[in-house]
Amino acid sequence: MATSSPKPLQPLKGVRILSLALNLPGPAALMRCQQMGASCVKLEPPAPPGAPPGASGDPMGLYNRAAYTVLHEGVRIKVADLKTEQGQKALHQELAKTDVLLTSFRPSALSKLGLDWKVLHKRYPALSQVAIVGAPGARAEEPGHDLTYLAENDLVTGLDLPPTLYADMGGSLTASEAVLTAVLMQQKKGKGLLIEVALSDAAGYLALPRQWGLTQPGAAVGGGHAGYRVYPCQDGRVAVAALEPHFAKALCAAAGVPYAHILTMLSPDTHAAIASYLLGMSRQSLDALAREKDIPLYTLTNQ
């Protein structure tokens, strides 16, 4: 008998959000809010000169149209040049029926657009604003991006770029959380509030396990635990996450390693024995082992 997926919760159903945010963090936050039931409108600037017909004024639409399309599913997009009188008129028509404004400008740029919080709050007292910035407070005017915020928090190693945009995506989650907070406080107090979300803070939050020493080289989840590592196998790699004692015991039993207690997994001999065992296994065999012995692992190619 087929079972249907549970209906997604929509805590933001009936909430109207207007976004002026471009690139990734703001649109990703708007995507999350739309998925939570919010009615979402985005005002974009006109496409830059020389752009293909029908191009977006959001740089993401030119960098990666596929990503742009996913980010804006279910979002009503309108074009408005906020530096013109006509664009300002369109902006305020939307603001008059908006619950939460989402922005990703520096404070000085917001002021130039007539969106200084004091002015905005006076004109629309029930409106809240979630302002995404690079860094908090006085640093909000500093230039920066995902990569610099990760570097600042010791999350960039060697010369390789990080595999994803951690600060941007972490910031988008923080921003969607801020929207929920703003709506809750609006309901309690009957007036809007300003919440600043800093991408550097999001990177700092993601970096906490590293700051605590959990992921530093040699620490338990930094390679020190033989059951929590990436190993080579016959035809690729295997990511092993046998951290809890019952998983570690199952891994040791498969590899023929005597397991006395949790400290067994920190022993160089255990590391060597498990590495040798996994090197002799194919990805297919390891996938079967994971199913049969209930060991958390995932096989990868060498690419």
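See the structure above.
Residues numbered from 1 in each chain as written. Predicted model: local features only at pLDDT ≥ 70, side-chain atom pairs only at ≥ 80, totals over all residues. Heavy atoms only, no water.

Asks: Can you help me understand the layout of surface pockets in this one?
Replies: Leftover empty space is mapped by rolling, across the atoms, a probe with the size of a water molecule. Reported here for the largest pocket is a volume of approximately 470 Å³. Along the wall of the largest pocket there are 19 residues; nearest its centre are N23, S104, F105, I132 and G144. Grouping the amino acids of the lining of the largest pocket by side-chain chemistry returns 11 nonpolar, five polar and three charged. (1 Å grid on protein atoms, 1.4 Å probe; cavity = no way out; pocket = protein on both sides within 12 Å on 5 of 7 lines; lining within 4 Å. Points joined across faces, edges and corners; volume = space filled by probe spheres on them. Nonpolar A, V, L, I, M, F, W, Y, C, P; charged D, E, K, R; others polar.)

Asks: How do you make sense of the side chain of N153 when you look at a structure like this?
Replies: For N153, the position within the fold is in the loop between α7 (146-152) and α8 (166-189). Only 2.9 Å separates the side chain of N153 from the backbone oxygen of Y149, close enough to count as a polar contact. Not counting the four nearest positions on each side in its chain, N153 is found in contact with S200, A203, G204, A207 and Q211. (Helix = DSSP H or I, 4+ residues; strand = E, 2+ residues; numbered from the N terminus. Polar contact = N/O pair within 3.5 Å; in protein donor to acceptor, adjacent residues only side chain to side chain. Contact = heavy atoms within 4.5 Å.)

Asks: Is there a simple way to explain helix α12 (residues 245-255) in this structure?
Replies: What sets the pattern is the α-helix's 3.6 residues per turn: residues three or four places apart point alike. The set of residues buried in α12 consists of F247, A248, A250, L251, C252 and A255. Close packing links the buried residues of α12 with β8 (236-241), α13 (268-279) and α14 (283-293). Where α12 terminates, the next one or two residues include G256, which has phi positive at roughly 75 degrees. (Buried < 20%, exposed > 50% of the residue type's maximum accessible area, 1.4 Å probe, protein only.)

Asks: How should I be thinking about the sheet that holds strand β1 (residues 16-19) in this particular structure?
Replies: Spatial ordering of the open sheet is given by β3-β2-β1-β4-β5-β6, a layout of six strands whose pairing is parallel. Single-partner strands in this sheet number two, and they are β3 (76-79) and β6 (194-198). Between one strand and the next, the sheet's axes are offset by a mean angle of 20 degrees, whatever the strand orientation. The pairing of strand β5 (residues 128-133) with β6 spans five bridges and is classified as parallel. Considered in β6, the bridge of V130 is made with I195. Those strands touched by helix α1 (residues 25-35) are β1, β2 (39-44), β4 (100-103) and β5, and its axis lies near 160 degrees from that of β2. Across the sheet, helix α9 (residues 199-206) touches β5 and β6, and the angle it forms with β6 is around 60 degrees. (Pairing = 2+ DSSP bridges. Axes fitted to C-alpha atoms, helices over the stretch in contact; angles between N-to-C directions.)

Asks: Even after reading the chapter, I still don't get the nonpolar core, so can you show me in this structure?
Replies: A general feature of soluble globular proteins is that nonpolar side chains tend to end up buried together. Of all hydrophobic cores here, the largest spans 26 residues; its most connected members are L12, I17, C33, C40, V130 and V179. Secondary structure elements with two or more residues in this core: α1, β4, β5, α7, α8, β6 and α9. The element that contributes the greatest number of residues to this core is α8, accounting for six residues. When neighbours within four sequence positions are excluded, L12 is seen to be in contact with C33, M36, G37, A38, V179, L180 and V183. (Core = buried A, V, L, I, M, F, W, Y, C linked by side-chain atoms within 4.5 Å.)

Asks: Honestly, a nonpolar patch on the surface in this entry has me stumped. Any pointers?
Replies: Together, Y166, Y205 and L206 line one region of the surface with nonpolar side chains, adding up to about 340 Å² of accessible area. Along the chain, Y205 turns up in helix α9. The exposed category is assigned to Y205, whose relative accessible area is 62%. (Patch = residues over 30% accessible without salt bridge, like charges linked within 9 Å, V, L, I, M, F, W, Y side chains within 5 Å. Areas by Shrake-Rupley, 256 points an atom, 1.4 Å probe, with all protein chains shown as cover. Salt bridge = Lys/Arg side-chain N within 4 Å of Asp/Glu carboxyl O.)

Asks: How do you make sense of the pairing of β5 when you look at a structure like this?
Replies: When a strand is regular, its side chains alternate between the sheet's two faces. With six of six residues buried, β5 lies mostly within the body of the structure. Taking every second residue as pointing to the same face, both faces of β5 are buried, with S128, V130 and I132 on one and Q129, A131 and V133 on the other. Alignment of β4 against β5, held across four bridges, turns out to be parallel. Bridge pairing in β5 places L101 opposite Q129.

Asks: Explain the environment of G224 here, please?
Replies: Within the element layout of this structure, G224 appears in helix α11 (residues 220-224). Linking G224 and H271, residues 47 residues apart in sequence, is a C-alpha distance of 8.8 Å. Setting aside residues up to four positions removed in sequence, G224 forms contacts with G218, A219, M265, L266 and H271.

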